[in-house]
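Listed below are the residues making up each chain.
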Amino acid sequence: MKNNLLKSLFLLVTSSVVLTSCVGEDDYVIPTVKTPFYSEEFQDIQNNTILDLTDWTNFAEAGTISWKEKSYSGNGYAEFNTYGSGNASNIGWLISPAYDLSGYESVKFSFQSAQNFVSDNANKLQVYVSSDFDGSNVNSATWNEVVCSVANKSTTGYLFIPSGEINLSAYEGQTIHIAFKVTGSGTNTNLDGLFQVDNLYVYTSK
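Residues numbered from 1 in each chain as written. Predicted model: local features only at pLDDT ≥ 70, side-chain atom pairs only at ≥ 80, totals over all residues. Heavy atoms only, no water.

S.K.: Can you explain the side chain of Glu41? Please cite residues and give values.
M.R.: Along the chain, Glu41 turns up in the loop between strand E3 (38-40) and strand E4 (49-50). A distance of 2.6 Å separates polar atoms of two side chains, one belonging to Glu41 and the other to Tyr201. (Helix = DSSP H or I, 4+ residues; strand = E, 2+ residues; numbered from the N terminus. Polar contact = N/O pair within 3.5 Å; in protein donor to acceptor, adjacent residues only side chain to side chain.)

Here it is as C-alpha cells:
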C-alpha cells in the first residue's frame, strides 16, 4: 500500500525519549516538526507520462526508458520501470533542481522509496549528490554516492520505506543536486523490477 504520510507537514520523529512534566509514567517519543526549505512530493503531475517537472533532469544513460510521473489513490510519485523495454541495459537518472545551501547549517535530506518485482541486487536504486553538476552534462559531473536505506529485493512490494536522515554538512554553503539512479534490464527477467521515489525533503536539523 502507498504510504501517504509526510504530505502537509514534514514530521521527523526523534530517536530519543523525551520526558517532561506533562508526560505520564509511560515514556514515549515526542515528534519534532521540521519544515523543509526544499521539497518535492510529486503531486503536480500527469499520471503515466514522462517526468518533466520544472528544473528536474530525466536522463537515460543506457536504454530507452525514462522516469515517469505516476499516481495511485491520489498520491503522486516518480517511477522507473524497465519491464518490457527490450533493452539489455537500462540506467535512468532522476536529478533534482539545484538546491542552494548557503545560509543553512546542519543540513540534511530524506526521501521515501519503494520497489516491486525486484529479485536481484543488481537491479538497484542508488542515491547521489553532486556540487558540480551543470544541469545538463550528467556524465561529466562528480557524483558522490550516499549511504541510506532504499527499497530492494528484501522490502515488501509497493511499500514505501524512509531513507533516514542523510547528512549534507559537507556541502554547506554550496549548491547541490540530488540524484536517483536505477539500474535494470528489459530483457533479463531477473533485473526488470521497478522503483518508486517520493517525498524528497531538504531541511535543517537546527
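So, next bit.
S.K.: Give a description of the nonpolar core that names residues and reports values.
M.R.: When a protein is soluble and globular, its nonpolar side chains tend to lie buried together. By size, the foremost hydrophobic cluster in this structure holds 32 residues, and its most contacted members are Phe42, Trp67, Phe109, Phe111, Leu168, Ile178 and Phe180. Secondary structure elements with two or more residues in this core: strand E7 (75-81), strand E10 (107-116), strand E11 (124-130), strand E15 (175-184) and strand E16 (194-204). With sequence-adjacent residues up to four places away left out, Leu168 is seen in contact with Leu101, Val107, Lys108, Phe109, Val129, Ile176 and Val202. Among the nonpolar cores identified, the runner-up in size contains 10 residues, and Ala62, Tyr128, Phe133 and Val138 belong to it. (Core = buried A, V, L, I, M, F, W, Y, C linked by side-chain atoms within 4.5 Å. Buried < 20%, exposed > 50% of the residue type's maximum accessible area, 1.4 Å probe, protein only. Contact = heavy atoms within 4.5 Å.)

S.K.: Before we move on, can you summarise the packing of aromatic side chains with the specific residues and values?
M.R.: Evaluation of the coordinates by the stated rule reveals 11 aromatic pairs. Ring geometry for Trp67 versus Phe80: centroids 5.6 Å apart, planes at 45 degrees, classification tilted. Pair noted here: Trp67 is in the loop between strand E5 (57-62) and strand E6 (68-72) and Phe80 is in strand E7, with a separation of 13 residues, a long-range link. For the pair shown, Trp67 and Phe80 are each scored as buried. Note on Trp93 and Trp143: the rings are 5.3 Å apart at their centroids and 45 degrees apart in plane angle, and the pair reads as tilted. Taken together, the residues span a long stretch of sequence, with Trp93 in strand E8 (residues 90-95) and Trp143 in the loop between E11 and strand E12 (144-145) at a distance of 50 residues. Of the two residues examined, Trp93 and Trp143, each falls in the buried class. Among the aromatic side chains, those forming a connected cluster through ring pairs are Phe37, Tyr38, Tyr99 and Tyr104. (Phe/Tyr/Trp six-rings, centres within 6.5 Å; stacked < 30°, edge-to-face > 60°.)

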